[in-house]
Amino acid sequence: HFYKRYFCTSISIGRMSQFKNSISLNNGLQMPLLGLGTWKSKAGEVEKAVEHALRNGYQHLDCAACYGNENEVGSGIKAAGVKRENVFVTSKLWNNKHHPDDVEGACRKTLEDLGLEYLDLYLIHWPHAFKRGDEKFPKTEAGDVVYDESIHPTDTWLAMEKLVEKGLVKSIGLSNFNSEQIEDIMKRGNIKPVTNQVECHPHLNQERLINFCKERNITITAYSPLGSPDRPWAKPDDPKLLDDPKIKEIADQYKKTPAQIVLRWQIQRGIIIIPKSVTPSRIEENGTVFDFSLTEAEMKHINGFDCNGRVVVPMMNGKHRDAAHAHYPFNIEF
């Protein structure tokens, strides 16, 4: 039964995975279906959140250079005292380091900040490049972001491949890439991306992109799987996914929370989830999604919430900040 396929503990061919509730990647490695997101986790909070998650059964952390907190994540890993091979760590290359000559240095900086010798997974955070340099958001005097449209995302990918050869990372993947950009990497690259991390929740179920990636044996990782209610630009009248009466009704039936229902919906679609929290009780709640199953009818009902409701779009002065960039991913349907 399709919806129950991802309920069981995963077994890789010939041996048990060191990760429980994991999914097989196209390179034969395993990735835990549940991870702790660290975007928007403030200084002073993320170290404790990481330690708490790792002590309470989490085996996957989703990080990024751009979040500015990888030092603290590293301290949390250390404090938890887990074996390195028992935690799956993802990080991401930021937009100002897309030049092929900058990729290895950026990766080494992330490893140094995290206090690790290798990453399990390294992603290109966005397909569009900013101006080279150490400014995360290089700007003109007028306050506009300075881009570098001469760097093609596939050229950045070819530099990412070298990190695998050097043993700095085990797997490489993408984030926020559209179908055409993935297709170009498949044509010109030598290593297939293992995942594409994108915004994905019932209001933006990403069905077409998921099917496109599945056909190519690329997993999908869902960021903001709960609809990012704490996004800085949220308006008071924006629809709130977790307040939906039907989701609340399903939650009551299973004696679960609306958040657990939405996360379980993703797991049953074979989607990797990385809900962010710094609250110990929420971290535990988000992790308790492997002890029940939604019915096919419930899955279909939640699928029907889709309204192309993308909420994570970098904004500036009321407009999509990067929409004019030649490699901006959201100017085509998927």
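For clarity, every value in this text was computed on a predicted model and none was experimentally measured.

1. Re the overall build of the protein chain
Alright, step 1. Looking only at helices and strands, one finds 10 helices and 14 strands in the protein chain.
Alright, step 2. The C-alpha radius of gyration of the protein chain comes to 19 Å, within 12% of the 20 Å expected for a compact globule of 334 residues.
Alright, step 3. The buried share of the protein chain, reckoned over its 334 residues, is 54%.
Alright, step 4. Considering only residue pairs separated by 6 or more positions, the protein chain has 74% of its internal contacts joining residues 24 or more positions apart.
Alright, step 5. Just so you have it, the protein chain exposes about 15000 Å², and 50% of that area is on carbon and sulfur atoms.
Alright, step 6. Side chains of the protein chain carry 43 positive and 44 negative charges; the gap between the two charge centres is 4 Å.

2. Considerations on helix H9 (residues 280–287)
Alright, step 1. Burial in H9 covers these residues: Ile-283, Glu-285 and Asn-286. What you see down the axis of H9 is that its buried residues fit within an arc of 165 degrees, all on one side.
Alright, step 2. Where H9 is buried, its residues contact strand S5 (36–37), helix H1 (46–55) and helix H8 (258–268).

3. A word on the packing of helix H2 (residues 70–80) against helix H3 (residues 103–114)
When two helices pack together, their arrangement is given by the angle between the helix axes and by the axis-to-axis distance.
Alright, step 1. One way to put it is that H2 packs onto H3 with a least axis distance of 7 Å and a crossing angle of 45 degrees. When the interaxial angle is binned, H2 and H3 end up oblique. In this structure, H2 contributes Glu-70, Asn-71, Val-73 and Gly-74 to the contact, and H3 contributes Thr-110, Asp-113 and Leu-114.
Alright, step 2. When the residues that make up the contact of H2 with H3 are grouped by side-chain class, the tally is 2 nonpolar, 3 polar and 2 charged.

4. Notes on H2
Structurally, the α-helix is built with 3.6 residues per turn, so residues lying three or four positions apart point the same way.
Alright, step 1. Among all positions in H2, only Glu-70, Glu-72, Val-73, Gly-74, Gly-76, Ile-77 and Ala-80 are buried.
Alright, step 2. Considering only its buried residues, H2 is in contact with H1, strand S6 (60–62), strand S7 (88–93) and H3.
Alright, step 3. Two residues or fewer past H2, Gly-81 is found with a positive phi of approximately 70 degrees.

5. Describing the packing of aromatic side chains
Alright, step 1. For the structure shown, the criterion picks out 9 aromatic pairs.
Alright, step 2. Ring plane angle 75 degrees and centroid distance 6.0 Å describe the contact between Phe-19 and Phe-88, whose orientation is recorded as edge-to-face. You can see Phe-19 sitting in the loop between strand S2 (15–16) and strand S3 (22–24) and its partner Phe-88 sitting in strand S7, a full 69 residues away along the chain. Considered together, Phe-19 and Phe-88 belong to a single accessibility category, that of buried residues.
Alright, step 3. On the numbers, 5.5 Å between centres and 75 degrees between planes, the contact of Tyr-328 with Phe-330 is edge-to-face.

6. Focus: the pattern of salt bridges
Once the charged atoms of two side chains with opposite charge are near each other, the side chains can pair.
Alright, step 1. On inspection of all chains with the given rule, the structure shows 17 salt bridges.
Alright, step 2. Where Arg-269 meets Glu-207, a salt bridge forms, and the shortest distance between an N and an O atom there is 3.3 Å. Remark: Glu-207 occurs in helix H6 (residues 207–215) and Arg-269 occurs in the loop between H8 and strand S12 (272–273); sequence separation between them is 62 residues.
Alright, step 3. By relative accessible area, which is 5% here, Arg-269 ends up buried.
Alright, step 4. Of the charged contacts, one joins Arg-321 and Asp-322 as a salt bridge, the two residues approaching to 2.8 Å between their closest N and O atoms. Here Arg-321 matches Asp-322 in class, with each residue buried.
Alright, step 5. What you see here is one network of salt bridges that share partners, running through Glu-104, Arg-108 and Lys-166.

7. Concerning the packing of H3 against helix H4 (residues 153–165)
Alright, step 1. Relative to each other, H3 and H4 sit at 50 degrees, their axes nearing to 9 Å. Taken together, the axis directions place H3 and H4 in an arrangement best described as oblique. In terms of crossing hand, the pair formed by H3 and H4 is right-handed. When H3 is examined against H4, the residues Val-103, Glu-104 and Cys-107 are found in contact with a partner set consisting of Thr-156, Ala-159, Met-160 and Leu-163.
Alright, step 2. Considered class by class, the residues forming the contact of H3 with H4 number 5 nonpolar, 1 polar and 1 charged.

8. Digging into the pairing of strand S10 (residues 195–199)
Alright, step 1. Judged by how many residues are buried, S10 sits mostly within the fold: 5 of 5 residues are covered.
Alright, step 2. In terms of strand pairing, strand S9 (residues 169–175) meets S10 through 2 bridges, oriented parallel. Within S10, the residue paired with Ser-175 across the bridge is Gln-197.
Alright, step 3. Where the polypeptide runs from S9 across helix H5 (residues 179–188) and back to S10, its parallel neighbour, the crossover connection is right-handed.
Alright, step 4. Two strands pair when backbone bridges link them, and S10 and strand S11 (residues 219–223) are joined in this way by 5 bridges, in the parallel orientation. For Val-198, the partnering residue across the bridge sits in S11 and is Ala-222.
Alright, step 5. Each parallel crossover has a hand, and the one from S10 via H6 to S11 is right-handed.

About the thresholds
Residues numbered from 1 in each chain as written. Predicted model: local features only at pLDDT ≥ 70, side-chain atom pairs only at ≥ 80, totals over all residues. Heavy atoms only, no water. Helix = DSSP H or I, 4+ residues; strand = E, 2+ residues; numbered from the N terminus. Rg over C-alpha atoms; globule rule 2.2 N^0.38 Å. Buried < 20%, exposed > 50% of the residue type's maximum accessible area, 1.4 Å probe, protein only. Contact = heavy atoms within 4.5 Å. Areas by Shrake-Rupley, 256 points an atom, 1.4 Å probe, with all protein chains shown as cover. Lys, Arg positive; Asp, Glu negative; His and termini not counted. Charge placed at Lys NZ, Arg CZ, Asp CG, Glu CD. Arc of directions from axis to C-beta. Axes fitted to C-alpha atoms, helices over the stretch in contact; angles between N-to-C directions. Parallel < 35°, antiparallel > 145°, perpendicular 65-115°, else oblique. Nonpolar A, V, L, I, M, F, W, Y, C, P; charged D, E, K, R; others polar. Phe/Tyr/Trp six-rings, centres within 6.5 Å; stacked < 30°, edge-to-face > 60°. Salt bridge = Lys/Arg side-chain N within 4 Å of Asp/Glu carboxyl O. Left-handed = near helix turned anticlockwise from the far one by under 90°. Pairing = 2+ DSSP bridges. Right-handed = clockwise from strand over helix to strand, strands pointing away.

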